[in-house]
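What follows is the residue order along each chain.
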Amino acid sequence: MDTLKPPNSNKFTMNRRSFLYGSTTTLMASPLSRVRADLLAGSAPAASAGPVINLFVSLEGDDSNPGTIDRPLRTLKAAQTSVRALHKGSTGAITVYLRQGTHYLDQTVIFTAEDSGEQQAPVLYESYPGERVTFSGGTRLNPRWRPYRNGIFQSEVPPGTRTDQLFVNGRRQILARYPNYDPQAKYLNGWASDAISSERVSTWSNPKGGYIHALHQYLWGGLHFHITGKDVQGNLTYEGGWQNNRPKPIHEKYRFVENIFEELDAPGEWFLDETKNTLYFYPPVGIDLNNAIVETVRLKHLVEFHGSESKPVKWITLKGFIFQHSARTFMETRDPLLRSDWRIYRGGAVFLNGTEDCHIDACFFDQLGGNCIFVNHYNRRTHISRCHIAEAGANGVSFVGDRASVRNPLDNYDDRLVVNQLDMKSGPLTRNYPSDCLVEDSLIYQTGRVEKQSAPVEISMSMSITVRHVSIYDVPRAGINIGDGCWGGHRIEYCDVFDTVKETGDHGSFNSWGRDRWWGTKGIDLDKMLPGEQANLPVLDAIEPNILSNSRWRCDHGWDIDLDDGSSNYRIHNNLCLNGGLKLREGFYRICENNVLVNNSLHAHVWFNDSHDVFRSNIVCTPYRPIGMRKWTQQIDFNLLNEHGQSTPIPAKVLQESSGDDTHSLVADARFIDAAAGDYRVKLDSPAITLGFVNFDMRNFGVQVPELKAIARTPELPPATGPEAVTLESSRSRTIVVWQGTKVRNIVGLGEVSAAGTPGESGVIVLDVPAGSPAGTAGLTAGDVILGFNNKPVKDTQDLLRYTREAGHGSRTSIAILRYQQQSTVSIALE
């Protein structure tokens, strides 16, 4: 082995220009306490230019009062009016203290530019120290319960009462559903394949107003439908299903219905008969209905910031509040986020549009029906800190820009540009998108209670969003999702993200897509872009690198880090991946170094030639797991394959055989300091050190503020020695068979499912197609996946061979295939 020195892994290349053109610009590994000066410069309030003014609001106050602590105002609206007046005659900061209690909002609180503060005179709305202040988008009922039947109680409610959620003593109850709610069920808290069967539907007298909830056929999120009634034949009629940007039918098994009166049969369930103004409730054991607090929901948004780039809302802080009781919005989730798999509802309990230097601090977003915080279109330096977000119906924090800011925007996965249509200018068209925003020191869990294509943190069409010291877990899909390459510069650092992808599939704790303007462009051979004049195409939108660093990830149902279709211009370093490994699907300019992949490895899927990807100075614990790889890339080297008990380092031939590189990589015991306790730093005599690996802090992942850290969970740690059963493996047969002159075998494992885009472990992949074979004559090519035979599903090679025998020699057959994740059919004359 020669003595070529490993790279200096204490430095990580970050600048796109330096990577493309070879300058020496570097980014030093970040200390824990670093505050991004470039992000927050100018955004901290300056010393007040005048006297600080305090106003007080109390549920026992009066809006005719002056707003002093002894004579407080009653409503937030009155406080807003006072703040506007005070700003005209004062240059000092203003603090509005709200006293304890629940403020039931009959309409959304709206801040406009007139409510703005200034850097020297910010406006702070804050809960009074030591007091619990709640903003509710609902109303409190005063029911008079009487028995109905079978443990169910009923009460009249005021005429016109509408609600999609019921809260009793602060906890959301269960809208009458089939099957009954099961907190232990893997999918949808209970599912039944007969949820909308004709037999079931026949037992419902009037299902109008009910809902169907189901998973996507491929487990790529969820779908929702509003039941409109029954037709004359008694069949269920409904509308919806537009919530997913990769439309498919609903899953044949994973579905349920709710808001059906006849399904009210279990403790905790409720139903509102709007025609009779009657509320029905089956109380769980232990609830005293006569003294219970019963609340409904009426508002979708509790607080909105309404500004624009030319007239922004500025320097307003909301601090220390609890936000509850916002309506569900799943039937309004329709806006496609470019060619990602997502559609979204642009709204939330707190909605920011056109702001600068606004801050949400130390707030609790509790059991909200839809999105919690939505940062929409133009926003600069939005700061979200020390927040607790739990049990939301949809997303936690969303940053979503304007489609009109994107050059060559496309909205459907199957849409493609022709090369001469490409706008070759880089970056956005306008400034109407979130930028230089920060989410830090927060706890987010159990989002996506209703909408399964959701995330605790969602980023799309935005720039320079930092997510730092955030703990995220117990979610149906990704913990953090970046939907596109527009426009990069994001930093994900010191986060703790685990127990993800719990109700879906083909995803990771971190997920991204990069289906930007270059992706799939007709007239370009993406395998020949680099080197060449088209080398900049992948970074026309992804103009700055996204950085994932110093974070801990665990996914037991996918990958720890999943860079999917086209994700480009990433720097991934100092990450601890506890189970699912790192997946890099086709894309460009990804530098991955100094990561620890416990019990797993690099999953390289269908890379382009000359992708300029780098994978070096990492510790992996299994051989690489490539799929569809023809040519590896710039540098895959200086990696350590951890083999417990292997005291003498030896060349990593198994890695070399996969990558064609790894010349200096080794197999040896990594000598972790204390793997059983989750400390995967290595001892000073570890072979990893000689390969350029540099220890990084493993004690400060996730939320750090004491009040939230005390209640935050941490991930389950893998066994201290030896790989555990990796969830990506499969028991399906890999036996190769010959069919119509070509070699085929079953799709096996999550990796192949993801690479091919199949509906789970189903289908048969074509391995090679000899010229002149019946399969070749029909137009099949290597990599095609056979899913159907004369409209019958092909789940495996046994199905394919059986259908072929049944059809007989000489018959012409329609074969349904997937090619590059797009469906088509070919006709073949069987031999």
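Residues numbered from 1 in each chain as written. Predicted model: local features only at pLDDT ≥ 70, side-chain atom pairs only at ≥ 80, totals over all residues. Heavy atoms only, no water.

Undergrad: How should the sheet that holds strand β15 (residues 177-178) be read in this particular structure?
TA: As a general point, the strands of a sheet are linked pairwise by backbone hydrogen bonds and lie either parallel or antiparallel. If you trace the five strands from one edge of the open sheet to the other, you get β15-β19-β16-β17-β18, paired in antiparallel fashion. At either end of the open sheet lies a strand with only one pairing partner, and these are β15 and β18 (236-240). Of the strand pairs in this sheet, strand β16 (residues 211-216) and strand β17 (residues 222-230) are connected by five bridges, and their pairing is antiparallel. In the strand pairing of β17, Ala-214 is matched with Leu-223. (Pairing = 2+ DSSP bridges. Helix = DSSP H or I, 4+ residues; strand = E, 2+ residues; numbered from the N terminus.)

Undergrad: Explain the sheet that holds strand β12 (residues 166-168) here, please?
TA: The four strands lie next to each other as β9-β22-β12-β13, forming an open sheet whose pairing is antiparallel. The sheet is open, and its two edges are formed by β9 (138-141) and β13 (171-172), each paired on a single side. Where β12 lies against strand β22 (residues 294-297), three bridges are found, and the strand directions are antiparallel. In the sheet register, Val-168 faces β22, and the bridge partner there is Val-294.

Undergrad: Is there a simple way to think about the nonpolar core in this case?
TA: Proteins that are soluble and globular tend to have nonpolar side chains buried together. Tyr-125, Phe-305, Phe-323, Phe-365, Ile-373 and Phe-510 are the most contacted members of the largest nonpolar core, which totals 83 residues. The residues touching Phe-323, leaving out its near neighbours within four places in the chain, are Phe-135, Leu-302, Val-303, Leu-318, Val-350, Cys-363, Phe-364, Phe-365, Asp-366 and Leu-368. Within the second largest apolar cluster, 20 residues are counted, among which are Leu-640, Tyr-680, Leu-691 and Phe-701. (Core = buried A, V, L, I, M, F, W, Y, C linked by side-chain atoms within 4.5 Å. Buried < 20%, exposed > 50% of the residue type's maximum accessible area, 1.4 Å probe, protein only. Contact = heavy atoms within 4.5 Å.)

Undergrad: What should I look at first to understand the side chain of Thr-813 in this one?
TA: Examined against the element boundaries, Thr-813 turns out to sit in strand β65 (residues 812-819). Residue classification places Thr-813 among the buried residues on the basis of a relative accessible area of 2%.

Undergrad: It is not clear to me how helix α10 (residues 797-807) should be interpreted in this structure. Could you clarify?
TA: Because each turn of an α-helix spans 3.6 residues, side chains separated by three or four positions end up pointing in the same direction. When α10 is considered as a whole, its buried residues turn out to be Thr-797, Asp-799, Leu-800, Tyr-803 and Thr-804. Projected down its long axis, α10 carries its buried residues within an arc of 160 degrees, all on one side. Seen from the buried face of α10, the exposed residues on the opposite side, beyond 90 degrees, are Gln-798, Arg-805 and Glu-806. Sitting at the amino-terminal end of α10 is Asp-796, which places a side-chain oxygen 3.2 Å from the backbone nitrogen of Gln-798. At the exit of α10 stands Gly-808, carrying a positive phi of roughly 90 degrees. (Arc of directions from axis to C-beta. Polar contact = N/O pair within 3.5 Å; in protein donor to acceptor, adjacent residues only side chain to side chain.)

Undergrad: Before we go on, may I ask you to explain the pairing of strand β35 (residues 397-400) in this structure?
TA: Side chains Val-397 and Phe-399 project from β35 onto one buried face, and the interleaved Ser-398 and Val-400 project onto a second face that is buried too. Here β35 pairs with strand β37 (residues 457-460) via four bridges, running parallel. From the neighbouring strand, Val-400 faces β37, where its bridge partner is Ser-460.

Undergrad: So what exactly am I meant to see when it comes to the pattern of salt bridges here?
TA: Once their charged atoms are close, side chains differing in charge can pair, the charge on each being opposite to the other. Scanning the entire structure with this criterion turns up 48 salt bridges. Asp-565 is the partner of Arg-515 in a salt bridge, and the nearest nitrogen-oxygen pair spans 2.8 Å. Linking Arg-515 in the loop between β42 (508-512) and β43 (546-549) with Asp-565 in the loop between β45 (559-563) and β46 (570-573), this pair joins segments that are 50 residues apart in sequence. For the pair Arg-515 and Asp-565, one class covers both residues: buried. In this structure, the salt-bridge partner of Asp-527 is Arg-630, at a minimum N-O distance of 3.0 Å. Separated by 103 residues along the polypeptide, Asp-527 in the loop between β42 and β43 and Arg-630 in the loop between β53 (619-620) and β54 (635-637) bring together distant segments of the chain. Overall, the relative accessible area of 16% leaves Asp-527 in the buried class. Salt bridges sharing common partners tie together Arg-246, Asp-341, Arg-515, Asp-562, Asp-564, Asp-565, Lys-583, Arg-585 and Glu-586. (Salt bridge = Lys/Arg side-chain N within 4 Å of Asp/Glu carboxyl O.)

Undergrad: What should I look at first to understand the packing of aromatic side chains in this one?
TA: The geometry of an aromatic ring pair is captured by the separation of the ring centres together with the interplanar angle, meaning the angle of the planes. One pass over the structure, following the stated rule, counts 36 aromatic pairs. On the basis of an interplanar angle of 80 degrees and a centroid distance of 4.9 Å, the ring pair of Tyr-218 and Trp-220 is categorised as edge-to-face. A single burial state applies to Tyr-218 and to Trp-220, both of which are buried. Cation over ring: Arg-515 sits above Trp-519, and NZ or CZ is 5.8 Å from the ring centre. Over the aromatic face of Tyr-473 sits the side chain of Arg-713, whose NZ or CZ is 4.7 Å from the ring centroid. (Phe/Tyr/Trp six-rings, centres within 6.5 Å; stacked < 30°, edge-to-face > 60°. Lys NZ or Arg CZ within 6 Å of the ring centre and 35° of its normal.)

Undergrad: Can you walk me through the confidence of the model for the protein chain in this structure?
TA: Parts of the prediction with low pLDDT should not have their coordinates interpreted in detail. This prediction gives the protein chain a mean pLDDT of 91; 92% of its residues lie at or above 70. A low-confidence stretch, residues 1-42 (pLDDT under 50), is modelled with 92 contacts involving residues beyond four sequence positions or located in other chains. This model gives residues 722-728 a pLDDT under 50, and the stretch forms 22 contacts once residues within four places in sequence are excluded. (pLDDT = per-residue confidence, 0-100.)

Undergrad: Please explain unusual backbone geometry as it appears in this structure.
TA: For residues that are not glycine, phi is negative in most cases, and the peptide bond is trans in most cases. That bond from Tyr-178 to Pro-179 is cis: its omega, -5 degrees, falls within 30 degrees of zero. Note on placement: Pro-179 falls in the loop between β15 and α4 (198-201). Note the cis peptide between Cys-486 and Trp-487, where omega equals 0 degrees. Structurally, Trp-487 is set in the loop between β39 (480-482) and β40 (491-493). The phi dihedral of Tyr-494 falls on the positive side, at around 60 degrees, and the residue is not glycine. Relative to the elements of secondary structure, Tyr-494 occurs in the loop between β40 and β41 (496-498). Positioned with a positive phi, Val-606 is a non-glycine residue whose angle comes to about 45 degrees.

Undergrad: Quick question: what am I supposed to make of the state of the cysteines here?
TA: Defined simply, a disulfide is a covalent bond joining two cysteines at their sulfur atoms. Throughout the structure, instances matching the rule amount to zero disulfides. With no disulfide of its own, Cys-495 lies closest to Cys-577 among cysteine sulfurs, the gap being 13 Å. You can call Cys-495 buried: its relative accessible area is 0%. The cysteine Cys-621 is free of any disulfide, with Cys-577 supplying the nearest cysteine sulfur at 11 Å. (Disulfide = S-S within 2.5 Å.)

Undergrad: Sorry, what's going on with the environment of Leu-289 here?
TA: Following the sequence through the fold, Leu-289 ends up in the loop between β21 (278-281) and β22. Along the sequence, Leu-289 and Pro-143 sit 146 residues apart, while their C-alpha atoms lie 9.0 Å from each other. Not counting residues up to four positions away in its chain, the partners in contact with Leu-289 are Trp-145, Phe-153, Phe-281 and Pro-283.

Undergrad: Just to check I follow, could you spell out helix α8 (residues 749-756) for this structure?
TA: With eight of eight residues buried, α8 lies mostly within the body of the structure. Inspection of α8 places Gly-749, Leu-750, Gly-751, Glu-752, Val-753, Ser-754, Ala-755 and Ala-756 among the buried residues, and these make up the whole buried set. Elements that come into contact with the buried residues of α8 comprise β45, β48 (582-584), β61 (742-746), β63 (785-789) and β65. Immediately downstream of α8, the backbone of Gly-757 shows phi near 80 degrees, a positive value.

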